[in-house]
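Read off the chains here:
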Amino acid sequence: MPQHPPLPTCPYLGRVDDPDTVYLEPHPAHRCYATDPATDIEVAHQRVFCHADPIACARFIPPLAHGRRAAPRPADAGAAPGAAPA
């Protein structure tokens, strides 16, 4: 299996007012667009996953060709905001 270079930032990370733009560091205005609706993400989670190792995140969905986002998954209504799904 070929190894892929690590992603610098999760492709599903976006600002609350602009899903295609991210801050360069963890920020409270970020949302996870791998879920529908987009969910809040705790800054600590962003530091560990979104900006460091997005593939290890339980919400991560492999993107489509050319870096396009895949269809989001339904958000778990029972999950705490910013918490990684079990």
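Further up the page is the structure itself.
Every value quoted in this text rests on a predicted model; they were computed, and no experiment measured them.

Got a sec to walk through the overall build of the protein chain? Specific residues and values, please.
Of regular secondary structure, the protein chain possesses one helix and five strands. Counting from the amino terminus, helix and strand elements in the protein chain follow one another as β-β-β-β-α-β. A burial count over the protein chain gives 29% of its 86 residues as buried. In the protein chain, the proportion of contacts linking residues at least 24 apart, taken out of those at least 6 apart, comes to 48%.

Tell me about unusual backbone geometry, and name the residues and values.
Looking along the chain, the bond that leaves Asp36 and enters Pro37 is cis, with omega of 5 degrees. The residue Pro37 is located in the loop between strand S3 (35–36) and strand S4 (39–40) in this model.

Any chance you could break down the sheet that holds S4 for me, citing the residues and the numbers?
Within a beta sheet, neighbouring strands are joined by backbone hydrogen bonds and run either parallel or antiparallel to one another. One open sheet holds the three strands; their spatial order is S1-S2-S4, and the pairing between them is antiparallel. Looking at which strands have only one partner, the edges of the open sheet turn out to be strand S1 (13–15) and S4.

Describe the environment of Pro54, with residues and values.
If you trace the backbone, Pro54 turns up in the loop between helix H1 (43–50) and strand S5 (73–74). Taking the relative accessible area as the measure of exposure, Pro54 reaches 3% and is therefore buried. In the structure, Pro54 is positioned 46 residues away from Pro8 in sequence and 8.2 Å away in space, judged by C-alpha atoms.

Lay out the side chain of Gln46 with the relevant residues and their values.
With respect to the helices and strands, the residue Gln46 is situated in helix H1. Looking at Gln46, its side chain comes within polar contact range of the main-chain nitrogen of His27, at 2.9 Å. When near neighbours in sequence (up to four residues on either side) are disregarded, Gln46 contacts Pro26, His27, His30, Ile41, His51 and Ala52.

Cut-offs used in this document
Residues numbered from 1 in each chain as written. Predicted model: local features only at pLDDT ≥ 70, side-chain atom pairs only at ≥ 80, totals over all residues. Heavy atoms only, no water. Helix = DSSP H or I, 4+ residues; strand = E, 2+ residues; numbered from the N terminus. Buried < 20%, exposed > 50% of the residue type's maximum accessible area, 1.4 Å probe, protein only. Contact = heavy atoms within 4.5 Å. Pairing = 2+ DSSP bridges. Polar contact = N/O pair within 3.5 Å; in protein donor to acceptor, adjacent residues only side chain to side chain.

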